[in-house]
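Each chain is listed here by its residues.
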Amino acid sequence: MSKVIDGKAVSAAVLEECRTEVESLKEQGITPGLAVVLVGEDPASKVYVGSKVRTCGELGIYSQKIELPTDTTQTELLRIVDELNRDPSIHGILVQSPPPPQIDEEAIVRTIDPRKDVDGFHPENVAKLALEDASGFVPCTPAGCMRLLREAGVETQGANAVVIGRSMIVGKPMALLLMAKGVDATVTVAHSRSRDLPAICREADILVAAVGRPEMVRADWVKEGAVVIDVGINRVEDASRKSGYRLTGDVAYEEVAPKCAAITPVPGGVGPMTIAMLMKNTIAAAGREG
Ligand code: GUN
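Residue indices follow the written sequence of each chain, beginning from 1 at its first position. With the structure being a predicted model, the display of local features is reserved for residues of pLDDT at least 70 and the display and counting of side-chain atom pairs for 80 or more, all residues being used for whole-chain, interface and lining totals. To get the side-chain values, take all heavy atoms of the structure and skip hydrogens and water.

Participant: Just checking my understanding: could you explain the sheet that holds strand 4 (residues 92-95) for this structure?
Facilitator: Within a sheet, adjacent strands bond to each other through the backbone by hydrogen bonds, running parallel or antiparallel. Overall, parallel pairing links the three strands, which are arranged 3-2-4 in an open sheet. Edge positions in the sheet fall to strand 3 (62-68) and strand 4, since each has one partner strand and no second. Averaged over neighbouring strand pairs, the angle between their axes works out to 15° when direction is ignored. In this description, strands pair whenever DSSP reports at least two bridges between them. Helix and strand definitions here come from DSSP, where helices need a minimum of 4 consecutive H or I residues and strands a minimum of 2 consecutive E residues; each element is numbered from the N-terminal end. Where strand 2 (residues 33-39) and strand 4 come together, four bridges link them in parallel fashion. In the sheet register, L34 faces strand 4, and the bridge partner there is G92. All axes here are fitted lines through C-alpha atoms, helices being fitted over the stretch that makes contact, and every angle between N-to-C directions spans 0 to 180 degrees.

In structure tokens:
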């Protein structure tokens, strides 16, 4: 029997905390501000950016949505980031990933003022995470996963945690968070080149799937009683849906869920947490100003 970890409920609680924090900042004369930059027309990115801006509105956070054409040059994007760095009404800057191929994402991230890097992608914030220096920003999706584990009462100390995926957005920061002092998991990071991935996953008490391959994790990859966090949000064709697609995770939910102690669904698991943690980071950035 598995417990479904309700990301919508947990994110609603986080957003409620945010609402109080925004009110208290406003009493001090500070309105948190977030700039979200989207280059190009990627349909999924458009949905995410729309949700981020909408959530800002719901919390009383000032937001600026900057939509740029697919052929935007690196120079133009750098100029916009530079302007946002100098804009006192903006405390957080996020450039939606992935950008079109002519954009050097790493160079853009390095240009963002680390104090406004609410994504936690700037090398200074990556270093702070590795150093367990709490003055940096933690990437939103792994921070959301950690909050879900905490809310679900998952024992991490001494647990075997396996993270599938080594991206800078999820896999690597997730591994650092799981091995941090006080969390104390024993962490294995697996990826597309790992030998016998199913066998590695079967060792996991906590399995985090962040690969972007629909339903890759099967029932026989999962130990009985494991906790499974599914970070994947994959669009797969589905003619029975009006949109022509449905969302599915990296985990074959129907067959895996019965084996788990707890599991996150897709949608309604990790997804809503990413936005909630972005709001948290933006509020923290505004609170640190001056
Ligand atoms: N694309 C997918 N997830 C993220 C995220 O957390 N931040 C940004 N900037 N882009 C993303």
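Participant: Just checking my understanding: could you explain unusual backbone geometry for this structure?
Facilitator: In this structure, P98 follows S97 across a cis peptide bond, with omega equal to 0°. Tracing the chain through its elements places P98 in the loop between strand 4 and helix 4 (105-111). Following V266, the chain continues to P267 via a peptide bond in cis, the omega torsion being -5°. Structurally, the position occupied by P267 is in the loop between strand 11 (262-263) and helix 10 (270-287). Positioned with a positive phi, D196 is a non-glycine residue whose angle comes to about 50°. Residue placement: D196 occurs in the loop between strand 6 (186-190) and helix 8 (197-202). With a relative accessible area of 48%, D196 lands in the partly exposed category. Unlike most non-glycine residues, E215 shows phi in positive territory, near 55°. Secondary-structure assignment places E215 in the loop between strand 7 (206-209) and strand 8 (227-230). In this scheme, a residue with accessible area under 20% of its type's maximum is buried, one over 50% is exposed, and one in between is partly exposed, where area comes from a 1.4 Å probe on protein chains only.

Participant: How should the sheet that holds strand 8 be read in this particular structure?
Facilitator: The strand order across the open sheet formed by six strands is 1-11-8-7-5-6, and the pairing between neighbours is parallel. Looking at which strands have only one partner, the edges of the open sheet turn out to be strand 1 (3-4) and strand 6.

Participant: Explain the state of the cysteines here, please?
Facilitator: Note on terminology: a disulfide is the covalent bond linking the sulfur atoms of two cysteines. The rule for a disulfide is simple: a pair of cysteine sulfur atoms within 2.5 Å. Taken as a whole and judged by the stated rule, the model has zero disulfides. With no disulfide of its own, C145 lies 11 Å from the sulfur of C140, the closest cysteine sulfur. With relative accessibility at 0%, the residue C145 sits in the buried group.

Participant: I tried to follow the environment of D87 on my own but got confused; where do I start?
Facilitator: Position of D87 among the secondary structure elements: in the loop between helix 3 (74-86) and strand 4. According to the relative accessible area criterion, D87 is partly exposed, its value standing at 22%.

Participant: Would you explain the packing of helix 6 (residues 140-151) against helix 10 in this entry?
Facilitator: The angle between the axes and the distance between the axes are what describe a pair of packed helices. It is the contact of helix 6 with helix 10, at a shortest axis distance of 8 Å, that shows an interaxial angle of 110°. Judged by the inter-axis angle, helix 6 sits roughly perpendicular to helix 10. Residues C140, T141, A143, G144, C145, R147 and L148 of helix 6 pack against V270, M273, T274, M277, L278 and N281 of helix 10. In the contact of helix 6 with helix 10, the residues fall into eight nonpolar, four polar and one charged. Here roughly perpendicular refers to angles of 65 to 115 degrees, roughly parallel to angles under 35, roughly antiparallel to angles over 145, and oblique to all remaining angles. Residue contacts are counted whenever heavy atoms from the two residues lie within 4.5 Å of one another. Under the scheme applied here, ten amino acids are nonpolar (Ala, Val, Leu, Ile, Met, Phe, Trp, Tyr, Cys and Pro), four are charged (Asp, Glu, Lys and Arg), and all others, including Gly, are polar.

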